[in-house]
Amino acid sequence: MPQSEKELTQKTFANREYAFKHTSFEQEFAFYNYVKNGDVDKVMQVMTPLGAGGAGTLSEDFLRNLKYHFIVMVALITRFCVEGGMEMETAYTLSDLYILQVDKCMEVKEIHKLHREAVLDFTNQMNRLKRNKHYSKPVIMTMDYIYDHLHSKISEKDIAAYVSLSVSHLSRLFHSETGKTIRTYIALQRVEEAKNMLQYADDTALDIGNYLAFHSHSHFISTFKKYTGITPGEFRKRYYRSNWNQTKTAMPNADIGKIR
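In what follows, the accompanying structure is described.

For the structure on display, the rule yields five salt bridges. A salt bridge links Lys36 to Glu83; its shortest N-O distance comes to 3.8 Å. Placement of the pair is Lys36 in helix 2 (residues 25–36) and Glu83 in helix 4 (residues 62–83), with a sequence separation of 47 residues. Using a relative accessible area of 9% as the deciding quantity, one classes Lys36 as buried. The partly exposed category is assigned to Glu83, whose relative accessible area is 32%. Note that Glu156 and Arg183 form a salt bridge whose closest N and O atoms lie 3.6 Å from each other.

Okay, structure coming up:
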């Protein structure tokens with residue numbers, strides 16, 4: 001048995017004996033996706049102290065262990081933000097700056113402070129990126145409402161009441177500023193969320209369609225195919241947890257030495 005396989009077996013056994021479990025993939029995905037979407041409130045709700053809970057041990061030295069976790073966290077946030085539309089050079093430069101800073105930290109409290117700063121910096125950058133398209137306040141409120149209610153039934157009447165406009169006025173305003181109807185925008189946002197879940201989560205396509213409030217599984221399939229050109233099942237076969245390799249291929253300047 002190779003040494004690495006032997007060590008993996010021993011470590012897995014020890015984790016089981018001491019009832020240790022790493023943080024679930026779904027929990028991690030939710031956190032990084034909130035950063036990607038610039039959702040500061042949700043990020044603050046789900047963010048946990050660096051190295052807490054189900055974080056693995058990357059070094060026997062406590063300070064170095066936190067630094068390693070910080071670097072991994074920043075590397076993942078960087079990729080999610082690039083996927084979300086942040087300019088690649090901006091994202092990687094920000095990543096480099098924070099990794100250089102954590103390398104200089106000599107105390108645990110410094111790392112925890114830097115962790116919070118980095119997370120909020122990336123999240124706020126994505127939030128500004130989303131809002132810098134110069135949409136009016138009612139349109140921004142409509143987008144926020146839709147994002148917050150992707151998992152439930154959304155009616156234009158409810159949105160109009162939320163932004164204090166008539167349905168017809170809001171519909172005209174939203175279309176004039178975005179080039180899309182509210183219905184189309186809702187569908188696109190649900191499809192985008194479905195793509196993320198199909199790529200990262202273990203839920204079935206049926207469960208994902210139900211979770212995102214599609215009327216039926218057939219409706220989910222037809223809507224997804226309308227905007228992506230393939231079915232949810234085909235998308236999962238192609239991209240399930242494979243985006244890191246695709247991103248690496250698409251980013252010729254990525255430096256493995258920087259944990260990208």
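Before going further, it helps to spend a moment on helix 4. Helical geometry note: an α-helix holds 3.6 residues per turn, so side chains three or four residues apart project in the same direction. The terminal C-alpha atoms of helix 4, which comprises 22 residues, lie 32 Å apart, in line with the 32 Å expected from a rise of 1.5 Å per residue. Sitting at the head of helix 4, Asp61 places a side-chain oxygen 3.3 Å from the backbone nitrogen of Leu63. Looking one or two residues beyond helix 4, the residue adopting positive phi is Gly85, at roughly 120 degrees.

Right, let's talk about the packing of helix 10 (residues 182–200) against helix 12 (residues 217–228) for a bit. In the contact formed by helix 10 and helix 12, the axes pass within 10 Å of each other and the chain directions differ by 95 degrees. Taken as axis vectors, helix 10 and helix 12 run roughly perpendicular relative to one another. Of helix 12, the residues touching helix 10 (which contributes Thr184, Ala187, Leu188, Val191, Ala194, Lys195 and Leu198) are Phe220, Thr223, Phe224, Tyr227 and Thr228. Among the residues making up the contact of helix 10 with helix 12, the classes are represented as eight nonpolar, three polar and one charged.

In this fold, Ser95 is placed in helix 5 (residues 88–104). If sequence neighbours within four positions are ignored, Ser95 has contacts with Val74, Thr78 and Phe122.

Moving on, we come to the environment of Ile140. Along the chain, Ile140 turns up in helix 7 (residues 137–148). We classify Ile140 as buried; its relative accessible area is 16%. Once the C-alpha coordinates of Ile140 and Phe174 are considered, the two residues, 34 residues apart in sequence, prove to be 9.3 Å apart. Other than its neighbours up to four places away in sequence, Ile140 contacts Arg131 and Tyr135.

Here we take up the nonpolar core. The biggest cluster of nonpolar side chains holds 62 residues, and the ones touching the most others in it are Phe70, Ile77 and Phe122. At nine residues, the largest contribution of residues to this core is made by helix 4. Apart from the residues lying within four places of it in its own chain, the contact partners of Ile77 are Phe31, Tyr32, Val35, Val119 and Phe122.

Further remarks concern unusual backbone geometry. A negative phi angle characterises most non-glycine residues, just as the trans form characterises most peptide bonds. Despite not being glycine, Ser164 has its phi angle at roughly 60 degrees, a positive value. Here Ser164 shows up in the loop between helix 8 (156–163) and helix 9 (167–178). Residues other than glycine seldom take positive phi values, yet Ala213 does so here, at roughly 65 degrees. Positionally, Ala213 belongs in the loop between helix 11 (205–211) and helix 12.

This part is about the packing of helix 8 against helix 9. At a minimum axis separation of 9 Å, helix 8 and helix 9 run at an interaxial angle of 90 degrees. In terms of orientation, helix 8 and helix 9 fall into the roughly perpendicular class. Contacts between helix 8 and helix 9 pair Glu156, Lys157, Ile159, Ala160 and Val163 from the former with Val167, Leu170 and Ser171 from the latter. A per-class count over the contact of helix 8 with helix 9 returns five nonpolar, one polar and two charged.

What counts and what doesn't
- Residues numbered from 1 in each chain as written.
- Predicted model: local features only at pLDDT ≥ 70, side-chain atom pairs only at ≥ 80, totals over all residues.
- Heavy atoms only, no water.
- Salt bridge = Lys/Arg side-chain N within 4 Å of Asp/Glu carboxyl O.
- Helix = DSSP H or I, 4+ residues; strand = E, 2+ residues; numbered from the N terminus.
- Buried < 20%, exposed > 50% of the residue type's maximum accessible area, 1.4 Å probe, protein only.
- Expected span 1.5 Å × (residues − 1).
- Polar contact = N/O pair within 3.5 Å; in protein donor to acceptor, adjacent residues only side chain to side chain.
- Axes fitted to C-alpha atoms, helices over the stretch in contact; angles between N-to-C directions.
- Parallel < 35°, antiparallel > 145°, perpendicular 65-115°, else oblique.
- Contact = heavy atoms within 4.5 Å.
- Nonpolar A, V, L, I, M, F, W, Y, C, P; charged D, E, K, R; others polar.
- Core = buried A, V, L, I, M, F, W, Y, C linked by side-chain atoms within 4.5 Å.

Honestly, it's all geometry; don't read function into it.
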